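Each chain, written out:
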Amino acid sequence: MVKPDLVSHLVSGLRVAAIRLPSDVARALAQAQAREDTPRAQSELATVLAAVDVACAGSVPLCQDTGIPTFFVEAGERSPHLSLLREAIPAAVHRATREVPLRPNSVDPFSGRNPDDNSGRGLPPIDWQLVPGDDVRIHLRLKGGGSDNVSALCMLPPNAGLAGVKDAVVDHVVASAGNPCPPTIVAVGIGGGSALCLRLAERTLWRAVGERHPDARAAALEEELLALVNETGLGPMGLGGRTTALDVHVEYAFRHPASLPVGILLQCWAARRATVRVDRRGKVEVV
Amino acid sequence: MTDEEARSLRVGDVLHVSGRLFTARDSAHRLLAGLIERGERPPFEPVPDVVYHSGPLAVREGTGWRVLSAGPTSSTRLDPFAPALIAGLGLRLLIGKGGMGERTEQALEECGAAYAHSTGGAGALAARAITEVEGVFWLEELGMPEAVWLLRVRRFGPLLVAIDSAGGNLYREVAQQVETQRRAITERIG
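Residues numbered from 1 in each chain as written. Chains lettered and ligands numbered in written order. Predicted model: local features only at pLDDT ≥ 70, side-chain atom pairs only at ≥ 80, totals over all residues.

Asker: How should I be thinking about the overall build of chain A in this particular structure?
Answerer: When its secondary structure is counted, chain A shows 8 helices and 9 strands. Relative to its length of 287 residues, chain A is compact, with a C-alpha radius of gyration of 19 Å against a globular reference of 19 Å. For chain A, with 287 residues in total, the buried portion stands at 50%. Here the analysis covers contacts within chain A between residues at least 6 apart in sequence; of these, 80% occur between residues at least 24 apart. (Helix = DSSP H or I, 4+ residues; strand = E, 2+ residues; numbered from the N terminus. Rg over C-alpha atoms; globule rule 2.2 N^0.38 Å. Buried ≥ 20, exposed ≤ 12 C-beta atoms within 10 Å, placed from the backbone. Contact = placed C-beta atoms within 7 Å.)

Structural data, given as structure tokens:
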């Protein structure tokens, strides 16, 4: 039975994401602590790393804000299991809300009522992408509201060029100050259009810290932006220091001649994510 | 916390708080400010003099509750109502993250209160200092994150005083340094 198995693996994925910070992120935080040279920045990162340990040891959610559980499905077009996903994903969110638990965060925008189970019209958000092959990879993430609140869409004039993109990113990180819980992972989507640049940025949130874009130009931009953002001195929690971002991830698409869209998302240091894979035979695993 | 203790807090001081506090976020701030304006009292008495900008993740345990994770939320959203709460409820310490605006800063100065930073995202660690949930208010109406949680804490912290009643503001200090750096970066980018 793939379906009950899939739901329970998705619940496991949500549990792992809520409790255990991915090792690439934890490693980057530890390296950042070693790099900081003021007691204040060191103390913020020490508290962060202590919380990571406490969450793991006690099997409790690292951050109380488990966000709106959000999914990105890379759906192999020849997978025989695609029809299960549409129901399995909301079912898993419902169960995980009780079992992990996740904080019930969904609110009716008209009445202000919270149904107490993370359900509601339009939720959970699922971004579908058809890919070649017969594997399905369901990426999930839990991003707090504080870091989502500082998302930005900049429709730059094309003549602003790459310098304009760099300026927009640095300005946005500075303006967001301590609100997104730095050190952040900065996600930048370039081109494509207003909606697509934000979606491109969002899809980078599943990348590991330290992973570079396969395109050398995008990879160079990632490294340059990381250096610039860290030069601002905003630091951990916006209280000053060398580590404002753990990494910058860039994704891009070709643009319209009249537009240079840039979408910027700031992922808090508690970058909670996991991936569940379903192979052709229906074997499910949290990877 | 005594009036004198609150007034003597200075930017850069590191604190651990023991005693009672209550959580309040956006909706609770709006409701509490409304009560204060009408001359009414909150449904929980005595009102602690420490407010924590947080929406805990809690589970029912027996007849009560246990908080699993409870880090701070961004305080800036609470700016419109914070002055009313500081004056109306006699608050001496506000705990949150990211800092607050000028209106709140002014209210802190006038009432001799302070704002302390708690490390964002570190909810599992913060929850360990919560020894008891005394009560939860407006849970039905507002849901878990937005309800008011009345908590008893022991050595809750470390908290960093970031805005004090003498006009000190750590966020402003950092923002000025960062702005200088940003200008230099912008010039170099061209």
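Asker: So what exactly am I meant to see when it comes to the pairing of strand S1 (residues 14–23) of chain B here?
Answerer: Each regular strand carries side chains that alternate between the two faces of the sheet. Residues and elements named next belong to chain B. As paired elements, S1 and strand S8 (residues 148–163) share 7 bridges and run antiparallel to each other. When the bridges of S8 are listed, Gly19 appears paired with Val153. Inspection of the sheet shows S1 paired to strand S2 (residues 50–52) by 2 bridges, in the parallel sense. Bridge assignment links Phe22 to a residue of S2, and that residue is Val51. (Pairing = 2+ DSSP bridges.)

Asker: I keep staring at the sheet that holds strand S3 (residues 136–142) of chain A and nothing clicks. Help me out?
Answerer: Neighbouring strands of a sheet are bound in pairs by backbone hydrogen bonds; such pairs are parallel or else antiparallel. Residue and element names in this part refer to chain A. Here we have 5 strands laid out as an open sheet, ordered S2-S1-S3-S8-S9, and mixed in their pairing. Each edge of the open sheet is held by one strand with a lone partner, namely strand S2 (126–131) and strand S9 (284–286). On average, adjacent strands in this sheet sit at an angle of 15° to one another, irrespective of strand direction. Alignment of strand S1 (residues 70–76) against S2, held across 6 bridges, turns out to be parallel. Each residue of the ladder has a partner; that of Val73, found in S2, is Trp128. (Axes fitted to C-alpha atoms, helices over the stretch in contact; angles between N-to-C directions.)

Asker: Could you clarify how one ought to interpret the interface of chain B and chain A in this entry?
Answerer: Where interface size is quoted, it is often the accessible area lost as the parts come together. Chain B puts 39 residues into the contact, and the matching count from chain A is 45 residues. Among the elements of the structure, strand S3 (57–61), strand S4 (64–69), helix H5 (123–127) and helix H7 (170–189) of chain B are those that each provide at least two residues to the side of chain B that touches chain A. Looking at which element gives the most residues to the side of chain B that touches chain A, the answer is H7 of chain B, with 11 residues. In the side of chain B that touches chain A, the residues fall into 18 nonpolar, 18 polar and 3 charged. (Nonpolar A, V, L, I, M, F, W, Y, C, P; charged D, E, K, R; others polar.)

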